Amino acid sequence: MTVSVRPASVFEDVRALVGPKSPEANVCWCLSHRIPSKLNNELRGPARGDYVAGLCRAEPPPGVLAYDGDDPVGWAAVAPRSDTAFARSRTIPHVDDLPVWSLWCIRVRPGHRKRGVSHALIAGAVEFARAHGAPAIEAYPLDSGGARVDMTMAYPGIRKNFERAGFTHAADTTSVLSGHPRVVMRLYLR
């Protein structure tokens, strides 16, 4: 499998990775950390997909997609932290006032896992942030200590994968997901 990573500007490809089977469903669409909770709660059913379609038409798009040929196989949400709920988080601290970008969700389609897609997505998100002038990029992965993580709750990524990509531990958090603490990992881009 040869993986390429591109900006998430094709809505149908984003929908294939983070959209629901039923357009009436009120699932995440990877909006819960991107937009204020009030708006997140107001967007129902097809309005959620419409909102994401608008993000895909915007500059910058809402993240990056991994492709195997023309088949979308992975998604990573990445944006300036100031444009996300992480700007106001009580559980994930700000390390400093640097205008960092946040990488908070990685999703790989079943059947394509354990093939390096998540590593390609992290590298692609780093390059995406760098190309848009980010001085640094942060992620908030699970620090599982090598313990198995339920795949449905592994969306923030795993600490060791960010370490492999050159990120370093920047801070502890009070956030816990699926029984595992989350940490702030950072990579400076300049």
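Structure shown above.
Residues numbered from 1 in each chain as written. Predicted model: local features only at pLDDT ≥ 70, side-chain atom pairs only at ≥ 80, totals over all residues. Heavy atoms only, no water.

Brief notes about the packing of aromatic side chains
Then, number 1: On inspection of all chains with the given rule, the structure shows five aromatic pairs.
Then, number 2: Residues Phe-86 and Trp-104 carry aromatic rings whose centres are separated by 6.0 Å and whose planes lie at 55° to one another, so their mutual orientation is tilted. Highlighted residues: Phe-86 in the loop between β3 (71-80) and β4 (101-108) and Trp-104 in strand β4, separated in sequence by 18 residues. Summarising the burial analysis for this pair, Phe-86 and Trp-104 share the class buried.
Then, number 3: Between Phe-162 and Phe-167 the ring centres are 5.1 Å apart and the planes differ by 80°, which places this aromatic pair in the edge-to-face class. Grouping residues by exposure puts Phe-162 and Phe-167 together as buried.
Then, number 4: What links up through ring pairs into an aromatic cluster is the set Phe-86, Trp-104 and Tyr-140.
Then, number 5: Over the ring of Tyr-67 we find Arg-6; its NZ or CZ atom is 3.9 Å from the centre of that ring. (Phe/Tyr/Trp six-rings, centres within 6.5 Å; stacked < 30°, edge-to-face > 60°. Helix = DSSP H or I, 4+ residues; strand = E, 2+ residues; numbered from the N terminus. Buried < 20%, exposed > 50% of the residue type's maximum accessible area, 1.4 Å probe, protein only. Lys NZ or Arg CZ within 6 Å of the ring centre and 35° of its normal.)

Here we look at the state of the cysteines
Then, number 1: Within the structure shown, the criterion is met by zero disulfides.
Then, number 2: You can see Cys-28 has no disulfide; the closest cysteine sulfur is in Cys-30, sitting 5.3 Å from it.
Then, number 3: Left without a disulfide partner, Cys-105 is nearest to the cysteine sulfur of Cys-30, which lies 3.6 Å away. (Disulfide = S-S within 2.5 Å.)

Looking at the environment of Arg-164
Then, number 1: Mapped onto the secondary structure, Arg-164 falls in helix α5 (residues 159-164).
Then, number 2: The class for Arg-164 is exposed, based on a relative accessible area of 58%.
Then, number 3: Taking the C-alpha atoms as reference points, Arg-164 and His-119, 45 residues apart in sequence, are found 8.5 Å from one another.
Then, number 4: Polar contacts involving the side chain of Arg-164 include one to the side chain of Asn-161, which spans 3.2 Å. (Polar contact = N/O pair within 3.5 Å; in protein donor to acceptor, adjacent residues only side chain to side chain.)

Concerning helix α1 (residues 11-18)
Then, number 1: Of the residues making up α1, those classed as buried are Phe-11, Asp-13, Val-14, Leu-17 and Val-18. Projected down its long axis, α1 carries its buried residues within an arc of 160°, all on one side.
Then, number 2: Of the surrounding secondary structure, the elements contacted by the buried residues of α1 are α3 (46-57), β2 (63-68), β3 and β4. (Arc of directions from axis to C-beta. Contact = heavy atoms within 4.5 Å.)

Things to note about a positive patch on the surface
Then, number 1: Judged by side-chain charge, Lys-114, Arg-148, Lys-160 and Arg-164 come together as a positively charged surface patch.
Then, number 2: Summarising the element assignment, Lys-160 is placed in helix α5.
Then, number 3: For Lys-160, a relative accessible area of 46% gives the class partly exposed. (Patch = residues over 30% accessible without salt bridge, like charges linked within 9 Å, V, L, I, M, F, W, Y side chains within 5 Å. Areas by Shrake-Rupley, 256 points an atom, 1.4 Å probe, with all protein chains shown as cover. Salt bridge = Lys/Arg side-chain N within 4 Å of Asp/Glu carboxyl O. Lys, Arg positive; Asp, Glu negative; His and termini not counted. Charge placed at Lys NZ, Arg CZ, Asp CG, Glu CD.)

With respect to empty space enclosed by the protein
Then, number 1: Considering all chains together, one arrives at one cavity of 30 Å³ or more under this definition.
Then, number 2: If you add up the space inside the largest cavity, you get close to 40 Å³.
Then, number 3: In this structure, the largest cavity is lined by Val-14, Trp-29, Cys-30, Leu-31, Arg-34, Val-52, Leu-55, Pro-62 and Trp-75.
Then, number 4: Class assignment of the residues belonging to the lining of the largest cavity gives a composition of eight nonpolar, no polar and one charged. (1 Å grid on protein atoms, 1.4 Å probe; cavity = no way out; pocket = protein on both sides within 12 Å on 5 of 7 lines; lining within 4 Å. Points joined across faces, edges and corners; volume = space filled by probe spheres on them. Nonpolar A, V, L, I, M, F, W, Y, C, P; charged D, E, K, R; others polar.)

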